[in-house]
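Take a look at the letters that make up each chain.
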Amino acid sequence: VNGVLALEVMGFAILLALAFYFLSRRTAGRLAIFQRESAKLRALNLALQREIAERKRVQQTLAVAEQTLEQSSKLAALGEMSAAVSHELNQPLAAMKTYLAGARLLLKRNRQDEALSSFGRIDDLIERMGAITRQLKSYARKGQEAFSPVDMGAALASSLSMMEPQLRQRQVQISRILPDNPVMVMGDRMRIEQVMVNLLRNALDATKSERNPQVDIILSAGETATLTVRDNGPGIEDLDALFEPFYTTKQPGDGVGLGLAISSGIVNDLGGRLMARNGQNGGAVFEMQLPILADETKIEAAE
Ligand code: ADP
């Protein structure tokens, strides 16, 4: 009995030892897997940290880039603004120079009355330059401009008189077709004249190398007040880029490419449209359309 008992105990002991052996092997296996997984996790963690650091660096670079961009867009706006100022002041300055030279000559010849009228014109031009700078100052407070009725025919006449010095230097045939009744629009006369001067100057420039330069100006009143300026120059090269700021085909010093960009801005502000096309028989055609100010007498008659 003792022997059998001893054998049974031994058998149990062996079984128990075997069970412990397999259990510890499984645990060791699991531990190895666990260790492998944690190593992978550590590697992943490291990669994540590296990525976060990279992101932070990129964000910092982006912030710096944004700052630089803001700075340079401010500078660009400033550049555009100063170019616009010099562009718009150039015309009256050139006219003033011519009138001054004329006045000097007239004074030398003792023709004081005529010299005085030249001075009057210079005075008008100074007034105009003041108005342009005032207007640029009010850019910051956009939308506060006070509009008043403007006679398009009268604005055209004073724009043409601004162009007089250039017209005197060249033989350009200018034809004007105006309706009998005044064409009225609501707006700022100085700015409307600015658009007209830009269109006329472009037409004069375009016809520079024509043998018989001709510019036709047509003012009409229909659904809108429309001013058409047509020339017999070579026509427009790139209709898509025409109104973009700084697009110019002129020599440096002759043009900066702001006239049409400024003009279309002005016409848009007045609720109108500035359009350009090439004429059927060559040359360029510019059309400024502005909302027409209905004649009060007509409104009364309709009522
Ligand atoms: P700038 O006169 O300083 O060049 P604008 O904005 O007034 O600037 O004109 C831009 C460009 O549009 C001109 O350089 C020219 O190429 C073109 N353009 C304007 N008007 C005419 C025209 N009447 N005929 C042909 N091209 C024109």
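Before reading on, note that the structure itself is shown above.
Residues numbered from 1 in each chain as written. Predicted model: local features only at pLDDT ≥ 70, side-chain atom pairs only at ≥ 80, totals over all residues. Heavy atoms only, no water.

### Remarks on the site of the ligand
Let me state the cut-off plainly: The criterion for a residue being near a molecule or strand is simple. One of its heavy atoms has to lie within 4 Å of it. Think of a polar contact as two N or O atoms within 3.5 Å of one another; within protein, one of them needs to be a possible hydrogen donor and the other a possible acceptor, and neighboring residues in sequence only count if both atoms come from side chains. Under the convention used here, a 1.4 Å probe and the Shrake-Rupley method define accessible areas, while residue burial counts only the protein chains that appear. Helix and strand definitions follow DSSP, with helices as H or I runs of at least four residues and strands as E runs of at least two, each counted in order from the N terminus. Nonpolar residues are Ala, Val, Leu, Ile, Met, Phe, Trp, Tyr, Cys and Pro. Charged residues are Asp, Glu, Lys and Arg, and all others, Gly as well, are polar.
Lining the immediate surroundings of the ligand are 18 residues, of which Asp231, Thr248, Thr249, Lys250 and Gly257 lie closest. Here lysine 250 contributes a side-chain N or O atom positioned 2.6 Å from an oxygen atom of the ligand. The backbone of glycine 259 places a nitrogen or oxygen atom 3.4 Å from an oxygen atom of the ligand. Within the complex, 94% of the 540 Å² of free accessible area of the ligand lies under protein. At the level of elements, α5 (189–206), α6 (259–269) and β7 (284–291) are the ones that each hand at least two residues to the shell around the ligand. The residue inventory of the shell around the ligand, partitioned by class, reads nine nonpolar, seven polar and two charged.

### Section: α6
How we decide: Three labels apply to residues, based on accessible area from a 1.4 Å probe with only protein chains included: buried if under 20% of the type maximum, exposed if over 50%, partly exposed otherwise in between.
Burial within α6 is extensive, with eight of its 11 residues counted as buried. All of the buried residues in α6 are Gly259, Leu260, Ala261, Ile262, Ser263, Ser264, Ile266 and Val267. Looking one or two residues past α6, glycine 271 carries a phi angle of roughly 80°, positive in sign.

### Details of empty space enclosed by the protein
As a reminder of what qualifies: Cavity: a set of points on a 1 Å grid over the protein atoms alone where a 1.4 Å probe fits but cannot get out. Pocket: an open set with protein on both sides within 12 Å along at least five of seven lines, its lining residues, like those of a cavity, having an atom within 4 Å of a point. Grid points are joined across faces, edges and corners, and a volume is the space filled by probe spheres set on the points.
One pass over the structure, following the stated rule, counts one cavity of 30 Å³ or more. Reported here for the largest cavity is a volume of approximately 70 Å³. For the largest cavity, the full set of lining residues is His87, Glu88, Gln91, Pro92, Arg128, Ile132, Met162, Gln194, Val197, Asn198 and Arg201. Classifying every residue of the lining of the largest cavity gives four nonpolar, four polar and three charged.

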